[in-house]
Amino acid sequence: MKADSDMLREFYFSAGQNYTAFKTKKQKGAPVSPAKAPAAAAAAAAAAVVEEAAAVRPAAAADEESAEQAPGGQQEEQRAAKRKASTEAVEPKRGSAAKPEDRGSNQQQQQQQQHQPVPKRQTSSRSAVRVPGAALAASNPGPVAGGMALEAASTEYILFLKQQQDLQKHHNRLEETLACFETARKDQQKEVTGLRKQAAELLRDLEGGSDWNLTSRYNVDNLVKDASLSLHNTQLTPFDAEAQVLELQQQVANLKKLKQDHQDKEHFDPHKVAVNNGLRRLDRVEKEARSGQLNVAKLARVPDTLLIQLEHLFGTPTLHSLLESHETAMEHLLFKLDRAREQREEALEDGEMQLAEKHYYAIVDLYDELQGEVLEKLHIVDKTLKETAVFDKVRDTYQLKAGDEIKKIKGDKEALKQKCEQDTQKLFSLREKIEDVEKQMVLKMAEDCRRSDESLRVNGSKMEACWMQIEACERELYVLERERHREVKKRVEDKEKDEQRRMEFERFCQVCDSHTAHLDMTIRNCESMIHISNLTGDFVQSGFTSLASDFQAKSSSYGGTALALHKEHLTMFRGLFLALGDLTHKKEKKIEDVDKQIQASHINQELCADTLNPNAKRFSDLKKELLRVRDDLEQDVRELKEKAAEALEKFKLSEEALRDAEVAFIHPVIEHQEQSLATRAKMVEFKALAIGHVDSVPIRNEIEDLKRQIASTKQQVENVNAKCIPTAAMLPAIKA
């Protein structure tokens, strides 16, 4: 079809009159393919019709000019020839179709008439013939008929072109009939009336046809520009889009696996409700996403941090499991400590001082081990507290990040939804305006048709009157015929414009409906995405809230456990420090006794040496042995004091923690001082008894005063320890 349209354009540009000869000449160099033969035949037929219509009017105009300028006798001959030619031209049209040889003879006759020498004059305006499509193709070889390509035209449109050409032919023949009116008025009156009726029928048929199958270039881009829409078609959800829920299914599987792997663990219990609610909400999110064309890949990645932190939390060992081994070890050590105390008391009662000293060292070692276990437990609790604080800080960061991501997704979809709603309102407003304009155009077209019908009716009435005054009104008949022809041409043009407008309006309605449906679907998807975003956000926030509550509860529980361990450390340190102090006191007293023995041995050695007594050697060896014993005792005292200093340094951690917790307690150093005071008072009493000064009033009063102070201090210390330390029963009592 494109090749035929190009050939038609070349024919129009060449101003030729025989399309068949022109086509045959062109085809010698480029033969037509069999697939294009029907289309070429149709184009040739259309071109032949156009050629015939273009050839009729110039012949009639030439005859008219020659008739007007010829003498009287020649005018009669020319009129007779014209009448004969018009009769031959009209008669074939009355039948179904004219024979090719008759059409050729008529064309030859018309060409001969055109070649007759006639005086030249300026051609009147009535000789201008409108050839539909030809003039437009000559001025613009592109698409014709309001953007419609020739190859896209339907059969109805080709019929319209032919009917338009037939109207032109009827107009030409009417003018010829009027030219022969002087000699054949009666014969031609019926012909004129019939032709007018045929023209009216053709006009009705022309206006009745509407299925032209025109193609409009109106699309979504034009709609976006006309309605000033903020969203293009590419920014909306495609009709063929499918829901993307693979990442969401993976998250559901990960959460189910997390529940299956850790549901028997202690850490899972505080988050059991949050995990179950999360599974239900994710299932609802998946169903909501599948009900539309939602892509939830980005939304499904929001709970990643929550699942990672839950998995890390569930995999962390509990504080009870970490402290269980140390608790067991402390129970064994406490049992050994009680047994060592009992054995020490039995040794002291039996006077086995060496055995008692051995038990003293054993008790000190046990207290040292207990203190190490308590410090290790404190280290574990402190480490767990720090890890919990880190987890809580990370949880806070992840929670804020997840909330921001949810807000961003919801904000984007709400903005898109708002724009879609605004575009929908703009489309409805534009469509209302276009529909109002269309109604006005339909009314205008109906009014134009009514006025045209009235004009044709008046024209017919005047034509009937002109038949009665034909001789005086011949010129007026020509004018009226041309007026009628102009009106018909206007109606043809109006019909073409009306069909083009209808086609554009239908195309606009189709594009508008399609885009409106697109916007509605996008709005539904935005609402679904906002809804599932809220569900996911509720799940994430509830999960992080559960984590925060658990971390807070664990921090409080760990703080209580740490405080109890600090109190327990106070108990162990008290026992260790008092035991070390008691043993150090006894060692120092023993050193004093050894010093006295050394002094006595030295005196005896000097006395024996003065008399050359052989016992001087024995006293010398005894003094050396006593000096060695004193060195050992001093070494033991130094070691005991170092242990006490080390234990006191380790106790500073618990001391600061107890003071920060505002726990009232008596420092074991003060208790040791009170115990030393009590021991000293007891020794004074025993010395007084030994030297027989019991009845001495000053000594007795001093002893009684010391006893009262010791009893009062002992009662205060034991009351405070009983209130603040649960294990006060395990403390060694202060000896009176």
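For clarity, every value in this text was computed on a predicted model and none was experimentally measured. (Residues numbered from 1 in each chain as written. Predicted model: local features only at pLDDT ≥ 70, side-chain atom pairs only at ≥ 80, totals over all residues. Heavy atoms only, no water.)

Concerning the overall build of the protein chain
Looking only at helices and strands, the protein chain features 19 helices and zero strands. The 736 residues of the protein chain split such that 40% are buried. For the protein chain, long-range pairs separated by at least 24 residues make up 85% of all intrachain contacts whose partners lie at least 6 apart in sequence. When the accessible surface of the protein chain is totalled, it reaches about 40900 Å², and 52% of it is carbon and sulfur. (Helix = DSSP H or I, 4+ residues; strand = E, 2+ residues; numbered from the N terminus. Buried < 20%, exposed > 50% of the residue type's maximum accessible area, 1.4 Å probe, protein only. Contact = heavy atoms within 4.5 Å. Areas by Shrake-Rupley, 256 points an atom, 1.4 Å probe, with all protein chains shown as cover.)

Section: the environment of Asp636
Summarising the element assignment, Asp636 is placed in helix H17 (residues 615-660). Spatially, the C-alpha atoms of Asp636 and Lys587 are 7.8 Å apart, while their sequence positions differ by 49 residues. If we ignore the near neighbours within four places in the chain, the residues touching Asp636 are Tyr361 and Lys587.

Considering a negative patch on the surface
A surface patch of like charges, here negative, comprises Glu342, Glu346, Glu349, Asp350 and Glu352. On the secondary structure map, Glu346 appears in helix H14 (residues 319-350). (Patch = residues over 30% accessible without salt bridge, like charges linked within 9 Å, V, L, I, M, F, W, Y side chains within 5 Å. Salt bridge = Lys/Arg side-chain N within 4 Å of Asp/Glu carboxyl O. Lys, Arg positive; Asp, Glu negative; His and termini not counted. Charge placed at Lys NZ, Arg CZ, Asp CG, Glu CD.)

Focus on the confidence of the model for the protein chain
Averaged over every residue, the pLDDT of the protein chain is 75; the share at 70 or more is 73%. Counting contacts from residues 30-43, a segment whose pLDDT is below 50, to residues more than four positions away or on other chains yields 13 contacts. (pLDDT = per-residue confidence, 0-100.)

A short note on empty space enclosed by the protein
By the definition in use, this model includes six cavities of 30 Å³ or more. Taken as a whole, the largest cavity encloses approximately 80 Å³ of empty space. Taken together, His267, Leu313, Thr316, Pro317, Thr384, Glu387, Thr388, Phe391, Phe551, Lys554 and Tyr558 make up the lining of the largest cavity. Breaking the lining of the largest cavity down by element, the ones donating at least two residues are helix H15 (353-468) and helix H16 (474-610). Of the residues forming the lining of the largest cavity, the biggest block, four residues, is contributed by H15. Of the residues assigned to the lining of the largest cavity, the class counts are five nonpolar, four polar and two charged. (1 Å grid on protein atoms, 1.4 Å probe; cavity = no way out; pocket = protein on both sides within 12 Å on 5 of 7 lines; lining within 4 Å. Points joined across faces, edges and corners; volume = space filled by probe spheres on them. Nonpolar A, V, L, I, M, F, W, Y, C, P; charged D, E, K, R; others polar.)

Notes on helix H7 (residues 155-179)
Taking 1.5 Å of rise per residue, the 25 residues of H7 would be expected to cover 36 Å, and the 36 Å separating its terminal C-alpha atoms lies within 8% of that figure. In terms of burial, H7 is a largely internal element, 19 of the 25 residues being buried. (Expected span 1.5 Å × (residues − 1).)

A look at the side chain of Glu373
By secondary structure assignment, the location of Glu373 is in helix H15. Although Glu373 is buried, it makes no salt bridge; Lys377 carries the closest opposite charge, 7.6 Å away.

Regarding unusual backbone geometry
With a phi close to 55 degrees, Ser228 is a non-glycine residue in the positive phi region. Looking at the secondary structure, you find Ser228 in the loop between helix H9 (220-227) and helix H10 (246-262). A residue is classified by how much of its surface remains accessible, and Ser228, at 48% relative accessible area, is partly exposed. Even without a glycine there, the phi angle at Glu662 is positive, about 60 degrees. Relative to the assigned elements, Glu662 resides in the loop between H17 and helix H18 (668-691). Residue classification places Glu662 among the exposed positions, given a relative accessible area of 73%.

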